[in-house]
Structure formats: C-alpha cells, structure tokens
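A structural walkthrough
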Amino acid sequence: MRGRQREHIHTTYKRASSKDRLNTQDREDGLDHVQIDIGKGSGNPPWIRSLPHVIVAALASFLFGYHLGVVNDTLESISNDLGFHGDTMAEGLVVSTCLGGAFIGSTVSGWIADGIGRRRSFQCCAIPLIIGASVSATADGLGGMLFGRFLVGTAMGVSPPVAALYITEVSPAFVRGTYGSFTQIATCLGLIASFIIGIPAKDVPRWWRVCFWVSTVPAALLALLMEFCAESPHWLFKRGRSAEAEAEFGKLLGALHVKSSMAELSKSDRGDEVDGVKLSDLFYGRHFRVVFIGSALLALQQLSGINAVFYFSSTVFKSAGVPSDIANMSVGVVNLLGSVFAMILMDKLGRKGLLLGSFMGMSLSMTMQAAAGSSVVSEFIMVYLSVGGVLLFVLSFAMGVGPVPGLLLSEIFPGRIRAKAMAICMAVHWVINFFVGLLFLRMLEQLGPLILYTVFASFCLVGFFFVRNNVVETKGKTLQEIELALLPAQLG
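So, here's what we can say about the structure.

1. Quick word on the overall build of the protein chain
What the protein chain contains, in helices and strands, is 23 helices and 0 strands. Residue pairs in contact within the protein chain that sit at least 24 positions apart in sequence constitute 84% of those at least 6 positions apart. Carbon and sulfur atoms make up 66% of the accessible area of the protein chain, which amounts to about 19800 Å² in all.

This is the structure:
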C-alpha cells in the first residue's frame, strides 16, 4: 500500500514538471497538487478547540523572551549588589552562561520530546525555569547567579523546539500558520514584560531580585495548565497508542474529524517507529537535504545580524539622544507589531512569501545602517539612517525571518525525525547566536560599521536567494500532505 502511494505521488510530480529531473520548483508545484481527499468534504474543524492548548504552550515562549531580556536593565544593579561591577568578563558571563545552557538544552530537546512526549517536556522545562530563577533571585555572589542562569538556559534551549512541535501538531492545517506565530508574539510580550518590570531596577535597591521572582509565576502556570492540555496525537500514534491519539484528536478537532485525521496519519506515519531514528539518518542519506535546509535557514537567521541589533540597539539610540529604556521599549513594540502582522498574513501570503519579503527588508535596512557608518553622510542624516535602519530591520525580521523558520521546520520534517531534526537545527542556531554576540563588538572595532553592516546585508541577500531556491510553500496543507509531497525528494 505504501509503495503504491509513493508511486502515485511520484507520478503527480512528473505531471507537474516539464523536466525529467525533480528540482525545487517541481517539489513546490507538487506540493500544490498533492491532495488527500479523505475528510475534505466535512470542512475545516473548529479552530477554537485547539486555541487554549496553543495559548498554554505559548507560555514557554513568553518565558523564553522574558529571560532573554531580564538582565538588560538589571545587569548594573546585579553587578553592584553581587560585587563584580566593572568586571566586563563577569558581566558577559551572566549573559553568555544562559546561552551556553540553551545550547545544551537544544541538543537534547528532540530526545526529550520523543521520549516523554510534548506535554511532559513542557513540564520538565518548568522545573529548571522555577529553580533557576529562584537561585538567581536569592544569589549572594557571582557563582549563584551563574548557576541559576545556566539552569534557566537549559530550559530555554528545550522549550522553543518543543513549542514549535506541539503547536504544529495540535493545530488545524488552515490556521497552523496563525497559531505558529503565537510563539513569536509570546516571545515579544516576554521581552516587553522584562523591560517594564525592570524599569524600577535603577532606583529601587534589589529590585532585580523581584524581576527573577516574577518569572516563577508563569513557569508554575505552564506546569500546572499543561496537565489539562492534550498530548500531541502525532506523538501518541508514533508510540503505537492509537486509541489515545483518537481521543486527543477528539479534544482538538471535534468528533467529526477524528476518523479523517487518523486516516491521514496512517498514510505517512507508522506506530512504534520513533525510537528507530539514528543521528546518522539526519546527517546523510535521504533526510540530509531537509535537515540541511532547516539548519541553513536558522544559520542565516542569526547571520543576518538580528541579535547584534537586539543586543546593541540601545547604543545606536543613545547616539541619537534616546534613553535606553525608551530605546528598548521601542524595539520591543516594533517587534511585537511585526509579529502581529506575521500572524495575520501567515496563512494568507504563505511562509515562503513572508520569508522572501523579510530577508529583502532586512537587507535594505542593513544597507541603511551601513550608509550611516560611512563618512559620506552628514551627522544629521546618520542619526535618522541608524535609528530608522534598526526599527525597519526589527520590523522586517518580526514579519518573517523571526516567526517562520520554527514553524516551517516543524512542518517540513517527516514525523519520525521531526523532534530530533529540530534539536539539531536549534543547536546550530544557538552556536551561531553565541558567536555573533561574542564577536560583534570586536568586529565592529576591527572592520568598522560600513564593512560589518554590509556583511550582514549580504547574508540577508543570501537568505533571500536560498529561500527562493530551496523552500517550499506549506500553507493550508496537512502535515501528511507535506510529508507525502516531499517524499520523492527524500527517497531520491
């Protein structure tokens, strides 16, 4: 039966192409033609059923954003109270230790998600988030602060891929892009919350401890509310627990859509096969290309310079006479605004269209910042180019390159490798994130803004052409339709 299905899909690709050899455009055309007819006549399932489960999962992204921003306005107070003020290495460690923990967490996230399920993975993330924040809040020295930040970082490494997996697998196809954008919006809200809560830190002694304590509340809510959420039917089915998968589909989609959803699962997935995935399957063989596309997309996301902009935007605004708290809030609001636009447009324009427009907008805004760093423009124009470039860059990023990759990767990876492939790609993300943050200021000193921002703009252009030539459109398709459409390329 599976052999006949593969032959049928392969024939569909042949009809969609005028060439004998399957190329990227053929796959994209094939994806538009492949249809699974079972259950189509019953219409779309009610979106409201899955919404509460998605909102609870988005709490993990809120905490991710909060802990990214919690030390921005509080680092000076922390260093004064804990006795390492003026030690730039110690201050850098407070930030980078969290990133190091995130790298470790991301490398094992796939095995955790496949081993204990998506729901339990969220609850496991909540434990180091609560303990780590508590340790940081009660720290009386640098060691305690670093240990707390490391614990939080490990959870930050696990939660983004698990959130992307879970939301993708519990969302109806026709709103999966919209729901997938919730993670980026929640991350923005977390960043903004950390900025707002951190405002009194400069004037109120030890307020930074309150900032860490506050984060334990949403972490506890995540652990508690996830107990009442549905488990991913895709994970249950792959574990051979079909009856439970049917029950969860009933919670998420309604009774009318259970049989058609189970029929679609059986077309591409087999139960009890998830443990058969080996690392070698991800690095070469039939899955290599799709994992390479995912890793390259996240690498280009970081090489675009987004974290350099986020980490050091306050310096740009300061040169324009804008206070740091207003600068941080401006960046946060623009980031949120772009994420809302992405949510509205994700299932209308599609993933690929948003990525292409986003990379092009980021390249243009980086060019503006490069021009501001040249000696040609006047100081007056330089200020407007710098500030305008930062805000346009953040807006462009939030409308595509920010929210789309996590959703797209969880869509294009076959079900049996989805969690582990996401873990590999996120590990690449964190490694490049770390080195961009570590080397940005040194490179800015050595190369100057004109050359450095031109390099970032060039990576954005590379991202544009990479997406155009390698990324397929997935909007409105079920995960099984996407997997079957990409199957000939994986087997080829």
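Still more to cover.
2. Overview of the side chain of D114
Mapped onto the fold, D114 is located in helix α5 (residues 88–116). A relative accessible area of 3% places D114 in the buried class. A polar contact of 2.9 Å, which involves the side chain of D114, links it to the side chain of K420.

3. Observations regarding the packing of helix α7 (residues 142–170) against helix α21 (residues 404–412)
Contact geometry for α7 and α21: axes closest at 9 Å, N-to-C directions at 60°. The pairing of α7 with α21 is recorded here as oblique in orientation. As for how α7 packs across α21, the hand of that crossing is right-handed. Where α7 approaches α21, its residues A164, L165 and T168 are matched on the opposing element by G406, L407, S410 and E411. Considering only residue class, the contact of α7 with α21 consists of 3 nonpolar, 3 polar and 1 charged.

4. What about the packing of aromatic side chains?
Under the criterion given, the structure shown has 8 aromatic pairs. Judged by centre distance (5.2 Å) and plane angle (90°), the ring pair of F464 and F465 falls under edge-to-face. A relative accessible area of 40% means that F465 is categorised as partly exposed.

5. Quick word on the side chain of T187
If you trace the backbone, T187 turns up in helix α9 (residues 182–198). Among all residues touching T187, those that are not within four sequence positions of it are S61, F62, F64 and G65.

6. Quick notes on the nonpolar core
Grouped together as the largest cluster of nonpolar side chains are 103 residues, with contacts concentrated most on F122, Y166, L222, M226, L355, F359 and F413. The contacts of L355, once residues within four sequence positions are left out, are L297, G400, V401, V404, P405, L408, V467 and V471. Of all hydrophobic cores here, the second largest spans 17 residues; its members include Y66, L82, A139 and A193.

7. Things to note about α9
The first and last C-alpha atoms of α9 sit 24 Å apart over 17 residues, in line with the 24 Å expected at 1.5 Å per residue. Taking burial as the measure, the 17 residues of α9 include 14 buried ones, the bulk of the element.

8. Considerations on the packing of helix α19 (residues 351–372) against α21
Running from N to C, α19 and α21 point in directions that differ by 145°, and their axes come no closer than 11 Å. Along this stretch, α19 crosses α21, giving a crossing that reads as left-handed. Seen from α19, the contacting residues are R351, L354 and L355; seen from α21, they are V404, P405, L407, L408 and E411. Residue composition of the contact of α19 with α21, grouped by class: 6 nonpolar, no polar and 2 charged.

Definitions and limits used
Residues numbered from 1 in each chain as written. Predicted model: local features only at pLDDT ≥ 70, side-chain atom pairs only at ≥ 80, totals over all residues. Heavy atoms only, no water. Helix = DSSP H or I, 4+ residues; strand = E, 2+ residues; numbered from the N terminus. Contact = heavy atoms within 4.5 Å. Areas by Shrake-Rupley, 256 points an atom, 1.4 Å probe, with all protein chains shown as cover. Buried < 20%, exposed > 50% of the residue type's maximum accessible area, 1.4 Å probe, protein only. Polar contact = N/O pair within 3.5 Å; in protein donor to acceptor, adjacent residues only side chain to side chain. Axes fitted to C-alpha atoms, helices over the stretch in contact; angles between N-to-C directions. Parallel < 35°, antiparallel > 145°, perpendicular 65-115°, else oblique. Left-handed = near helix turned anticlockwise from the far one by under 90°. Nonpolar A, V, L, I, M, F, W, Y, C, P; charged D, E, K, R; others polar. Phe/Tyr/Trp six-rings, centres within 6.5 Å; stacked < 30°, edge-to-face > 60°. Core = buried A, V, L, I, M, F, W, Y, C linked by side-chain atoms within 4.5 Å. Expected span 1.5 Å × (residues − 1).

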